[in-house]
There are 2 protein chains.
Amino acid sequence: MKKSSTLVKNAIGREVPTEVNGKAVIPYKGVGQHKPEGRKYGPRISSCVDFPEDGNKLISTLKEALIKSGLRDGMTISTHHHFRNGDVIAIQVFEIAAALGVKNLVWFPSASFECHAPLIKYLEDGTIHHIEGSMNGQLGRFTSEGKMKGVGVLRSHGGRYQAVQDGEVEIDIAVIAAPTADFFGNANGVEGAAACGLLGFALADSQYADKVIVVTDNVVPFPCVPWQIQGNYVDYVVKVEQVGIPSKIVSGTTEITKSPDRLFLAEMTARFCEAAGIVCDGFSFQAGAGGTSLSIGIYFAEMLKAKGMRARFARGGSNKYLVNMLEEELVEYILDGQTFDLDGVRSMRDNPRHVNTSPFTSYNYHGKGNFASMLDVVILGATEVDVNFNANVVTHSDGVLLHGIGGWQNCLFAKCTILPIPLFRDRIPVIRDEVTTICGPGELIDVIVTERGIAINPLRTDLIEKTKNSGLPIKSIQELKAEADKICGIPAKQKFDDIIVAVVKWVDGTVLDVVRKVGP
Amino acid sequence: MKKSSTLVKNAIGREVPTEVNGKAVIPYKGVGQHKPEGRKYGPRISSCVDFPEDGNKLISTLKEALIKSGLRDGMTISTHHHFRNGDVIAIQVFEIAAALGVKNLVWFPSASFECHAPLIKYLEDGTIHHIEGSMNGQLGRFTSEGKMKGVGVLRSHGGRYQAVQDGEVEIDIAVIAAPTADFFGNANGVEGAAACGLLGFALADSQYADKVIVVTDNVVPFPCVPWQIQGNYVDYVVKVEQVGIPSKIVSGTTEITKSPDRLFLAEMTARFCEAAGIVCDGFSFQAGAGGTSLSIGIYFAEMLKAKGMRARFARGGSNKYLVNMLEEELVEYILDGQTFDLDGVRSMRDNPRHVNTSPFTSYNYHGKGNFASMLDVVILGATEVDVNFNANVVTHSDGVLLHGIGGWQNCLFAKCTILPIPLFRDRIPVIRDEVTTICGPGELIDVIVTERGIAINPLRTDLIEKTKNSGLPIKSIQELKAEADKICGIPAKQKFDDIIVAVVKWVDGTVLDVVRKVGP
């Protein structure tokens, strides 16, 4: 998207384009203000006539499967991120495409990781036109520097499902790396050397893509049970030597923090939830994968034990701490979107109360409700928050793309959204007059917990009332900002180029904000 | 469909209409000859804005839910048959519609039972225009006598999924009776007083209907796990006193036969499978719910035990005999479409190797393959077979509709299809020159087992070769027919009216045959 594009001011005051990568888009209208019209995307009708009667869809190489799938210029190719930094398949797809001379592909991952940095060469040589999905690490810098041919499109996990379901993104070929599969294409993430727990991020891809390729290093006899991905959606199955690098699948961010600062944030957050009456018998919570969030789970567990209560459900990302809570019956169900460690994988495989979910069940805003809005409390991170509680999760204050949105936007619909954040990072204040990139409207963000005090969104008079005599250091967000500014000084406003390198979609498919090329 | 409609001769030689109930239809073109074009049906896009944030979709009465769903003249209303003869909800739906003065509804059940006979009054008074689904018992006679306003449409379970998926049937309101549900609409059949095992026959309805109502007598706190029906597809949840009559849910057809004739058929069938090399380690089979079919399972179990082998999977309808095989590890997996008794329900609830399937996974011909064609052998019933191996399953020789198609057509795609049938019933020969109604093309029917001999379809030279020295009484189908005719005499040809009262669809949505009004 280069300068010529028309910009309009959207409902949250950001200048956004009305066209992205040649397609018309709708500016953000406010929370709950955009009502979708029309019908869900209808994939081409298949017929059993075109598939082997014996169910055997095995193809000898990924290259052959891609050729049979009709790989050609301009196609949209999707992959999922359940292997996290241990993914090896996305790179192979574009190596093959490059070798075949295919150009201008759109890569539509459910997230990208540092392991995907080698794709930069395919962005440079024109194999990949642009990425719709998270651009972080080296891909983020590449994009932020304006080097990507097209405009990046950032969506939440739920927004990605919505975009596929609604036909905003038409996936030509979905490549689904699977720890275990049968020849028919039934696949799961609970068995095999590269076990990653589940495959929910590839659900939309399997349902709606024109061609679906399952890639696995562990072919089992039909039926592969459970079939988290259903073979009835699958065109080809490819057996490879290694579908993912197991040691890199288990994320490094799943240890509880040892940092006293972070532990303090976690404790304050848990105490706030207790004071606000959120921690009660049958409550539900979701905490992210970061060290602070994990630690909050530990505090919740202690509180529940002390009170003789249990939570009805917790939403994963799951890890050994959450699995412990399940096994100690401090939580009745884990509704899991991705497993972060092998305890999570084992639990999901063996415990019927550890349930496989997907962005459809949990996050899709264009469904008949979703799980996210039922959560009593969700604890999330942010890179910046502004005095109106708007928050940023994709860029730092220097404007460089460094995170994806993940389920973050979707989770904001919980009954209480809390962001435990340090008041400053590397002497850069986290609370700003304006965030660099708005990822979440302030009206959905209820509480900011910092090491120097807790700010409650003025809209939440109920929470203010409940916690006023709690002894917790409740302050206004302006007070918190002033404290940070006093210590760090007011940061100079970052300069950006006019060029838009990426857009941030809201959960309903509208454009919430843009990311601009970082200045010289 | 009255006489004026244009008839054309289809690929199997039957005169079929090109329009049914005012909609154009495609005459049958031969097995695998019709290639679908176009795209799957796209239901209206929903938004969380229109659903309660706390997930609570409870509505106090079915009437209110139907009104909120916009019930009005001409709509298509679907129900499922997992409660079999214990269903009480379908009747209530049309009682409410009649009381509201709504007319010309289409009832689209996944099957009907004797308990649905009270719907005749709503067919008479114009509340219901016609039924698309099985018409048997009193409904069958009513239809056969030409009393239904519209033309009945008979589809297989897979054909029903196909029709919904492809948009041939647009369901306005799906009413899904569920033994257990949460307020969000997640529902299952494994818990609750009316436990019926699973809800797979309502899957298409949940996915594609404009409005979806879950009715239950057992509301559990969110999350209802497993969610065989996903709340994200559900508009309203209604709590009623009783959702089904438990004693009538468990079918009476699930005891092994005590009839010596039927036991003999079962034994011959099992011996044929053994002689043909079908019963081997890792094989797969499906037998229906009737007494003969059940008995075949018992013979298979004995053979496997004797050989120290086990089957890889069996397809259900499940019952205590199949569950025994699973528990004795004579079969590794049950892939179940409906549970016929409480042992089936218990096993599905507790045993991860007893797997919930649906017409989508098992039978949909417009998918990327399905399970049915992977079966090594399927054993089915029939009311008539002709000398070309064409078979009938919906009418008797007097032309009266008395069965639905169920999964029968879909199962014909197995690697070997065997029909164990008596040579005559009540002195009426079962093997005919021409069947009254063609439900399955002879090219898909491999073996007819009768008490006086076994006929192998001449197309199956492999089976003929394998069994020629088996000592089994292999005969030609003409020989079998001659024997029956000698005993019973050649029956007079049944006279039919010109009026078409129902059509029989093939698995690809084309019209295979018609059912005509029975003559005076």
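Residues numbered from 1 in each chain as written. Chains lettered and ligands numbered in written order. Predicted model: local features only at pLDDT ≥ 70, side-chain atom pairs only at ≥ 80, totals over all residues.

It is worth spelling out the interface of chain B and chain A at this point. At the junction of the two partners, chain B supplies 49 residues and chain A supplies 51 residues. Elements that contribute at least two residues to the side of chain B that touches chain A include exactly strand E16 (311–315), strand E17 (331–336) and helix H12 (359–362) of chain B. Of the residues that constitute the side of chain B that touches chain A, the class distribution is 22 nonpolar, 16 polar and 11 charged. (Contact = placed C-beta atoms within 7 Å. Helix = DSSP H or I, 4+ residues; strand = E, 2+ residues; numbered from the N terminus. Nonpolar A, V, L, I, M, F, W, Y, C, P; charged D, E, K, R; others polar.)

Here we take up the relation of the copies chain B and chain A. Superposing the two chain copies requires a rotation about an axis and a translation along that axis. Mapping chain B onto chain A is achieved by rotating through 180° and translating by 0.0 Å along the same axis, at an RMSD of 0.0 Å. Read as a symmetry element, the transformation amounts to a two-fold axis. Residues of chain B ranked by C-alpha distance from the rotation axis are headed by Gly 42 of chain B, positioned 2.6 Å from it. (Least-squares fit on C-alpha atoms with pLDDT ≥ 70 in both.)

All right, on to the packing of helix H8 (residues 260–275) of chain A against helix H9 (residues 291–307) of chain A then. Relative orientation and spacing of two packed helices are given, respectively, by the angle between their axes and the distance between those axes. Residue and element names in this part refer to chain A. As a packed pair, H8 and H9 sit with axes 8 Å apart at the nearest point and diverge in direction by 45°. The angle between H8 and H9 falls in the class oblique. Considering the relative orientation of H8 and H9, their crossing is right-handed. Taken together, the residues of H9 that come into contact with H8 (itself represented by Arg 262, Leu 263, Leu 265, Ala 266, Glu 267, Thr 269, Ala 270 and Glu 274) are Gly 291, Thr 292, Ser 295, Ile 296, Tyr 299, Phe 300 and Met 303. Across the contact of H8 with H9, the residue classes break down as eight nonpolar, four polar and three charged. (Axes fitted to C-alpha atoms, helices over the stretch in contact; angles between N-to-C directions. Parallel < 35°, antiparallel > 145°, perpendicular 65-115°, else oblique. Left-handed = near helix turned anticlockwise from the far one by under 90°.)

Residue and element names in this part refer to chain A. Assigned domains of chain A: these are domain 1 (54–132 + 169–249) and domain 2 (260–495). Computed from C-alpha atoms alone, the centre-to-centre distance between domain 1 and domain 2 is 32 Å. Residue classes in the side of domain 1 that touches domain 2 are distributed as eight nonpolar, four polar and no charged. (Domains from an automatic or database assignment.)

Moving on: the sheet that holds strand E9 (residues 152–154) of chain B. Residue and element names in this part refer to chain B. One open sheet holds the three strands; their spatial order is E9-E29-E30, and the pairing between them is mixed. In this open sheet, the two strands that pair with only one neighbour each are E9 and strand E30 (511–518). The mean angle between the axes of side-by-side strands here comes to 40°, regardless of whether they run parallel or antiparallel. Bridge analysis of strand E29 (residues 496–505) against E30 gives six bridges, and the strand direction is antiparallel. Bridging from a neighbouring strand, Val 503 pairs with Val 514 of E30. Packing of helix H4 (residues 137–144) onto the sheet brings it into contact with E9, E29 and E30, and relative to E29 it is tilted by some 130°. (Pairing = 2+ DSSP bridges.)

This brings us to the sheet that holds strand E5 (residues 58–59) of chain B. All names here are of chain B. A sheet is described by the order of its strands in space; here seven strands give the open sequence E5-E14-E13-E10-E6-E7-E8, paired in parallel fashion. Lying at the two open borders of the sheet, with one neighbouring strand each, are E5 and strand E8 (128–131). Bridging between strand E7 (residues 105–109) and E8 involves three bridges; their strand directions are parallel. Considered in E8, the bridge of Val 106 is made with His 130.

On to helix H10 (residues 320–327) of chain A, then. All names here are of chain A. Buried within H10 we find Tyr 321, Leu 322, Val 323, Met 325 and Leu 326. Close packing links the buried residues of H10 with H9, strand E16 (311–315), strand E17 (331–336), helix H11 (342–350) and strand E18 (354–356). Positive backbone phi, approximately 60°, marks Glu 329, located one or two places after H10. (Buried ≥ 20, exposed ≤ 12 C-beta atoms within 10 Å, placed from the backbone.)

What follows deals with unusual backbone geometry. With an omega of 0°, the peptide bond running from Phe 222 of chain B to Pro 223 of chain B counts as cis. Mapped onto the secondary structure, Pro 223 of chain B falls in the loop between strand E13 (211–216) and strand E14 (236–239). A cis amide bond links Gly 316 of chain B with the next residue in sequence, Gly 317 of chain B, at an omega value of 10°. Here Gly 317 of chain B lies in the loop between E16 and helix H10 (320–327). Here the phi dihedral of Asn 104 of chain A falls at roughly 60°; this positive angle occurs in a residue that is not glycine. You can see Asn 104 of chain A is positioned in the loop between helix H2 (89–99) and strand E7 (105–109). A tally of 15 C-beta atoms within 10 Å means that Asn 104 of chain A is categorised as partly exposed.

Glancing now at the pairing of E7 of chain A. Residues and elements named next belong to chain A. In terms of burial, E7 is a largely internal element, five of the five residues being buried. Note that strand E6 (residues 76–79) and E7 share four bridges and pair parallel. What sits directly across from Ser 78, in E7, is Phe 108. Of the crossover connections in this fold, the one passing from E6 over H2 to the parallel E7 is right-handed. (Right-handed = clockwise from strand over helix to strand, strands pointing away.)

Moving on, we come to the confidence of the model for chain A. On average, residues of chain A score 95 in pLDDT, and 98% of them reach the 70 mark or higher. Per the prediction output, this complex has pTM 0.97; the corresponding ipTM is 0.97. (pLDDT = per-residue confidence, 0-100.)

Residues and elements named next belong to chain B. By secondary structure assignment, the location of Val 507 is in the loop between E29 and E30. A count of 29 C-beta atoms within 10 Å places Val 507 in the buried class. C-alpha of Val 507 to C-alpha of Tyr 28: the two residues are 479 residues apart in sequence and 9.8 Å apart in space. For Val 507, the residues in contact, after removing those within four places along its chain, are Ser 156, Gly 158, Gly 159, Gln 162, Tyr 365, Gln 409 and Asn 410.

To continue, consider the nonpolar core. In terms of nonpolar packing, the biggest core is built from 342 residues, with Ile 176 of chain A together with Ile 176 of chain B touching the most fellow members. With near-sequence residues (within four places) excluded, Ile 176 of chain A lies in contact with His 80, Ala 187, Leu 199, Ala 202, Asp 205, Ser 206, Val 212, Ile 213, Val 214, Val 215 and Ile 229 of chain A. (Core = buried A, V, L, I, M, F, W, Y, C linked by C-beta atoms within 7 Å.)

What follows is about the pairing of strand E26 (residues 447–450) of chain B. Residues and elements named next belong to chain B. Burial along E26 is two-sided: the face carrying Val 447 and Val 449 and the face carrying Ile 448 and Thr 450 are both buried. As paired strands, strand E22 (residues 417–420) and E26 are joined by three bridges and run parallel to one another. Across the sheet, Leu 419 pairs through a bridge with Ile 448, a residue of E26. Pairing analysis gives four bridges linking E26 to strand E27 (residues 453–456), with the strands arranged antiparallel. Counted as the bridge partner of Ile 448 is Ala 455 from E27. Remark: two residues form the turn of the hairpin made by E26 and E27, two consecutive strands paired antiparallel.

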